[in-house]
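Residue-level structural notes
Each chain, written out:
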Amino acid sequence: MIIPKTAEEIELMRQSAQLVSKTLGMIATEIKEGVSTLALDKLAEEFIRDHKALPGFKGLYGCPSTLLTSVNEQVVHGLPTNRPIENGDIVSVDCGVLMNDFYGDHAYTFEIGDVNPETKKLLQVTKESLYIGIREFKAGNRVEDIGSAIQRYTESFGYGVVRELVGHGLGRKMHEAPEVPNYGKRGKGKLFVEGMVIAIEPMINMGTKNIKTLKDGWTIVTRDGKPSAHFEHDVALINGKPELLSTFQYIYNALGIVSDEENEFRKNTLVL
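Anyway, here's the lowdown on the structure attached to this text. Please read these numbers as outputs of a predicted model, since none were measured by experiment. (Residues numbered from 1 in each chain as written. Predicted model: local features only at pLDDT ≥ 70, side-chain atom pairs only at ≥ 80, totals over all residues. Heavy atoms only, no water.)

**Things to note about the pattern of salt bridges**
As a working rule, side chains carrying opposite charge can pair if their charged atoms are close by. In total, this model carries 15 salt bridges according to the counting rule given. Put simply, Lys 127 and Glu 261 hold a salt bridge, and the shortest N to O gap is 2.9 Å. Residue Lys 127 is found in helix α3 (residues 117-135), and its partner Glu 261 is found in the segment after α5 (249-255); the two are separated by 134 residues along the sequence. A salt bridge links Glu 136 to Arg 186; its shortest N-O distance comes to 2.9 Å. Taken together, the residues span a long stretch of sequence, with Glu 136 in the loop between α3 and α4 (143-155) and Arg 186 in the loop between β8 (176-180) and β9 (197-200) at a distance of 50 residues. The buried category is assigned to Glu 136, whose relative accessible area is 14%. What makes Arg 186 partly exposed here is its relative accessible area of 43%. Residues joined by salt bridges that share partners form a network here, namely Glu 11, Arg 14 and Glu 243. (Salt bridge = Lys/Arg side-chain N within 4 Å of Asp/Glu carboxyl O. Helix = DSSP H or I, 4+ residues; strand = E, 2+ residues; numbered from the N terminus. Buried < 20%, exposed > 50% of the residue type's maximum accessible area, 1.4 Å probe, protein only.)

This is the structure in structure tokens:
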């Protein structure tokens, strides 16, 4: 059952989402060649707790970490390790917080040093597909309209769209209805409801769409060993239109990136 949120609840969720955004912005200043994902995980937990919130992933379904860090061919749910990040790696950092009794949850795939052009293109297209999907989150549309748009765009580049892992509703629970797949048929699925909040998160592989889980029971990798990208935003349906609750601007400020990609999804200027 979809649980619409009141205006007051959406504002609380915005605070939760923004804390995840700030956490990823902090990670952007620390993630580099030679640093381990385990070290980043410790920094993230301290940062979240210092802001009087709880790590949203730690303990959820038995998750042992604050961050899920997926490197290169790892799609999602990569457990932090002591292995140093290397030049040319891509690292998807997925983070959640629990604050004000509501969850925030989003992700960004970072480039480390000299990433090859083919992988850079995968990241670019995957992030573009995120916003293409967000545009479909509007009054009168249905769940699979998002997936259909993401699938059509990313498959036009020959990429594989993961089927087993999907976006989701968000609220007092990390995962609420509806599931939001990154593939589908236009006009199918549940009708969007005013006040609903969802996490849209394309997970796109350079090669096959097929995946497998490693022996740790968490880390999911591509079956052909080719890279995978993951970007995620929290979005509310307000006055029939999508409005971003999360932002990548903290990351962009840290990395010196100038972007106006989020402007169309905000009614007010974001104050950082």
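**Brief notes about the pairing of strand β15 (residues 241-244)**
Direction of pairing for strand β14 (residues 233-238) relative to β15: antiparallel, over a ladder of four bridges. Directly across from Val 235, in β15, lies its bridge partner Leu 244. Here β14 folds back onto β15 in antiparallel fashion, the turn holding two residues, of which Asn 239 has a positive phi close to 55 degrees. (Pairing = 2+ DSSP bridges.)

**Let's talk about the packing of helix α1 (residues 7-30) against helix α2 (residues 37-50)**
Here α1 crosses α2 at 140 degrees, and the two axes come no closer than 10 Å. Considering the angle they form, α1 stands oblique to α2. Considering only the axes of α1 and α2, their crossing is right-handed. Taken together, the residues of α2 that come into contact with α1 (itself represented by Leu 19, Lys 22, Thr 23, Met 26, Ile 27 and Glu 30) are Leu 40, Leu 43, Ala 44, Phe 47 and Ile 48. Looking at the contact of α1 with α2 residue by residue, the classes come out as eight nonpolar, one polar and two charged. (Axes fitted to C-alpha atoms, helices over the stretch in contact; angles between N-to-C directions. Parallel < 35°, antiparallel > 145°, perpendicular 65-115°, else oblique. Left-handed = near helix turned anticlockwise from the far one by under 90°. Contact = heavy atoms within 4.5 Å. Nonpolar A, V, L, I, M, F, W, Y, C, P; charged D, E, K, R; others polar.)

**Some details on the pairing of strand β5 (residues 102-111)**
Every regular strand shows the same layout, with side chains that alternate between the two sheet faces. Counting buried positions along β5 gives nine out of ten residues, so the element sits mostly inside the fold. Between the antiparallel neighbours strand β4 (residues 90-99) and β5 lie two residues, among them Asn 100 with a positive phi of about 60 degrees.

**Structural notes on unusual backbone geometry**
The omega torsion of the bond from Ala 177 to Pro 178 falls at 0 degrees, within 30 degrees of zero and hence cis. In this structure, Pro 178 sits in strand β8. Residues other than glycine seldom take positive phi values, yet His 77 does so here, at roughly 65 degrees. Looking at His 77, the relative accessible area reads 26%, which means it is partly exposed. We note that Asn 239 has phi near 55 degrees; this positive angle belongs to a residue other than glycine. Positionally, Asn 239 belongs in the loop between β14 and β15.

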